[in-house]
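# Survey of secondary and tertiary structure
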Amino acid sequence: MKWLKHPFKSFSMWLATRKFVKILEEGTMDIFLETLLNLMDLYFALNKKFRRNIENFNATYVFKSRDGVIAASIIFADSKMKVSCNAIENASVTVVFKDGKALKDFLFSESPDIIGAILDNEIQYTGNLNYLSKFAYMSKRLKFELTGK
């Protein structure tokens, strides 16, 4: 991670990346979404090139599990990302997923099949489908940049 020059930021990114990779390998899905969002937020803050994904992008996302155990929101505004551990009102897109594994499989599949995931009852969404595709792309790109896979 040569692009990081500040020791604290380097350590924070290294630690977050290790946690993320461990979750992906072990399948610890109860903290998958929280870890992904926090890592993405940190990566946007530290990597100018990755931050281009959210330049002039204003949208709000809500992610919830069907059982209500997992809930998180993201607000993209002014080329920044803000994460909340609660569901917000009036989101651009709301995604309700069967479980953490269904969300991980959707976001990191080789070619995310939104229609297939909906038909298989793995995810449900309301709002702008293009925003869901954009988030899947950013998640997959983040995974690739951090793991090379």
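Figured I'd write up the structure that's included with this text. (Residues numbered from 1 in each chain as written. Predicted model: local features only at pLDDT ≥ 70, side-chain atom pairs only at ≥ 80, totals over all residues. Heavy atoms only, no water.)

## Thoughts on the nonpolar core
Counting residues in each nonpolar core, the largest one holds 35 residues, and the members touching the most others are Tyr61, Phe63, Phe76, Leu107 and Phe135. At the level of elements, α2 (32-46), β1 (59-65), β2 (71-77), β4 (93-97), α4 (100-108), α5 (114-119) and α6 (129-147) are the ones that each hand at least two residues to this core. By residue number, the principal contributor to this core is α2, which donates eight residues. Non-local contacts of tyrosine 61, meaning those with residues more than four positions away in its chain, are made with Ala72, Ser73, Ile74, Phe76, Ala91, Val93, Tyr131, Leu132, Lys134 and Phe135. (Core = buried A, V, L, I, M, F, W, Y, C linked by side-chain atoms within 4.5 Å. Buried < 20%, exposed > 50% of the residue type's maximum accessible area, 1.4 Å probe, protein only. Helix = DSSP H or I, 4+ residues; strand = E, 2+ residues; numbered from the N terminus. Contact = heavy atoms within 4.5 Å.)

## What to know about the packing of α2 against α6
Helix packing geometry: the angle between the two helix axes and the distance between the axes. At their nearest, the axes of α2 and α6 sit 11 Å apart, and the two run at 75° to each other. With respect to each other, α2 and α6 are oriented roughly perpendicular. Along the contact surface, α2 presents Leu36, Leu37, Leu39, Met40, Tyr43 and Phe44, while α6 presents Phe135, Met138, Ser139, Leu142, Glu145 and Leu146. Taken together, the residues that form the contact of α2 with α6 break down as ten nonpolar, one polar and one charged. (Axes fitted to C-alpha atoms, helices over the stretch in contact; angles between N-to-C directions. Parallel < 35°, antiparallel > 145°, perpendicular 65-115°, else oblique. Nonpolar A, V, L, I, M, F, W, Y, C, P; charged D, E, K, R; others polar.)

## What about the sheet that holds strand β3 (residues 80-84)?
Read from one edge to the other, the open sheet built from five strands follows the order β3-β2-β1-β4-β5, with strand pairing classed as mixed. The strands lining the two open edges of the sheet, one partner per strand, are β3 and β5 (123-127). Averaged over neighbouring strand pairs, the angle between their axes works out to 15° when direction is ignored. Taken together, the five bridges between β4 and β5 define a ladder with antiparallel strand orientation. In the sheet register, phenylalanine 97 faces β5, and the bridge partner there is isoleucine 123. Most of the contacts of α6 go to β1, to which it runs at about 80°, and overall it touches β1, β2, β4 and β5. (Pairing = 2+ DSSP bridges.)

## Considerations on the pairing of β3
Of the strand pairs in this sheet, β2 and β3 are connected by five bridges, and their pairing is antiparallel. Among the inter-strand pairings, isoleucine 75 is bridged to a residue of β3, identified as lysine 82. Linking β2 to β3, which pair antiparallel, is a turn of two residues; within it aspartate 78 sits at a positive phi near 55°.

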